[in-house]
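Working through the structure, step by step
Spelled out, the chains give:
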Amino acid sequence: MTPETSYTESDEPKPGYRPCVGIFLIGPSREIFVGQRRDTREEAWQMPQGGIDPGEAPIAAALRELKEEIGTDRAEILRESRLWRSYDLPPAIAARMWNGRYRGQTQKWVAMRFLGTEADIVLDTPHPEFSAWRWVPPDKLVDLVVPFKRCVYLSVVDEFRHLLV
């Protein structure tokens, strides 16, 4: 792996990495929610994710981030990932993000089943993250994300695949 794609798994959050939660949101056709990042003109789709506040549990953070990023919390919790997944940001991005405080992110992932309708998904939130969204088959996720997140997405899909049946 190159430094841009460094990836590790651990039982605890990795020091020097931003504590974060990711959301594997399963839709009605067993497809996964992805949003196109608003802050880039390039194709950069991702599952909802965001920082974990001090003292906040990963599941609480996941529900909060879901509401903040896609305007709804109409989902049931299915499972929290067993491991923390950490990845490095490319050096140029790490230098400008969070004032260079972190090398990358360390993430706990939460699988959820979407219980709402498409009308419940609203991207025009107070702090919009996505410019578009869609449901995609889990095996297509990796093709849509930026290269430095691909190992994380492969691992998340592998861990939660059994929830899609």
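Structural notes, computed from the coordinates. Treat the numbers as computed from the prediction; the structure is a model and nothing was measured.

**Considering helix α1 (residues 58-70)**
With 13 residues, α1 ought to run about 18 Å at 1.5 Å a step, and its terminal C-alpha atoms sit 18 Å apart, in line with that. What α1 keeps buried is the set Pro 58, Ala 61, Ala 62, Glu 65, Leu 66, Glu 69 and Ile 70. Angular distribution of buried residues about the axis of α1 spans 135°; they occupy a single face of the element. Looking at the buried side of α1, the elements it contacts are β2 (17-26), β3 (32-37), β5 (49-51), β6 (75-80), β8 (104-114) and β9 (130-136). Just downstream of α1 lies Gly 71, where phi reads positive at about 75°.

**Observations regarding the packing of aromatic side chains**
Tallying each qualifying case throughout the model produces nine aromatic pairs. Aromatic pair Trp 109 and Tyr 153: ring centres 5.7 Å apart, planes at 80°, arrangement edge-to-face. Of the two residues, Trp 109 sits in strand β8 while Tyr 153 sits in helix α4 (residues 150-160), which places them 44 residues apart along the sequence. Classification of Trp 109 by relative accessible area gives buried; the value is 0%. Judged by relative accessible area, Tyr 153 falls into the buried class, the value being 1%. Here a set of aromatic residues connected by ring pairs shows up, and it is made of Phe 33, Phe 114, Phe 130, Trp 133 and Trp 135. One cation-aromatic arrangement involves Arg 134 over Trp 45; the distance from NZ or CZ to the ring centre is 4.4 Å.

**Topic: the side chain of Thr 106**
Residue position: Thr 106 is located in strand β8. Residue Thr 106 is classed as buried on the basis of its relative accessible area of 0%. A distance of 2.8 Å separates polar atoms of two side chains, one belonging to Thr 106 and the other to Ser 86. In contact with Thr 106, other than residues within four places in its own chain, are Pro 13, Lys 14, Tyr 17, Arg 18, Pro 19, Cys 20, Trp 84, Arg 85 and Ser 86.

**Some details on unusual backbone geometry**
Not every positive phi belongs to a glycine, and Trp 98 is a case in point at roughly 50°. Positive phi values are uncommon outside glycine, yet Asn 99 reaches one of about 55°. Tracing the backbone through its elements, the reader meets Asn 99 in the loop between α2 (91-96) and β8.

Rules behind the numbers
- Residues numbered from 1 in each chain as written.
- Predicted model: local features only at pLDDT ≥ 70, side-chain atom pairs only at ≥ 80, totals over all residues.
- Heavy atoms only, no water.
- Helix = DSSP H or I, 4+ residues; strand = E, 2+ residues; numbered from the N terminus.
- Expected span 1.5 Å × (residues − 1).
- Buried < 20%, exposed > 50% of the residue type's maximum accessible area, 1.4 Å probe, protein only.
- Arc of directions from axis to C-beta.
- Contact = heavy atoms within 4.5 Å.
- Phe/Tyr/Trp six-rings, centres within 6.5 Å; stacked < 30°, edge-to-face > 60°.
- Lys NZ or Arg CZ within 6 Å of the ring centre and 35° of its normal.
- Polar contact = N/O pair within 3.5 Å; in protein donor to acceptor, adjacent residues only side chain to side chain.

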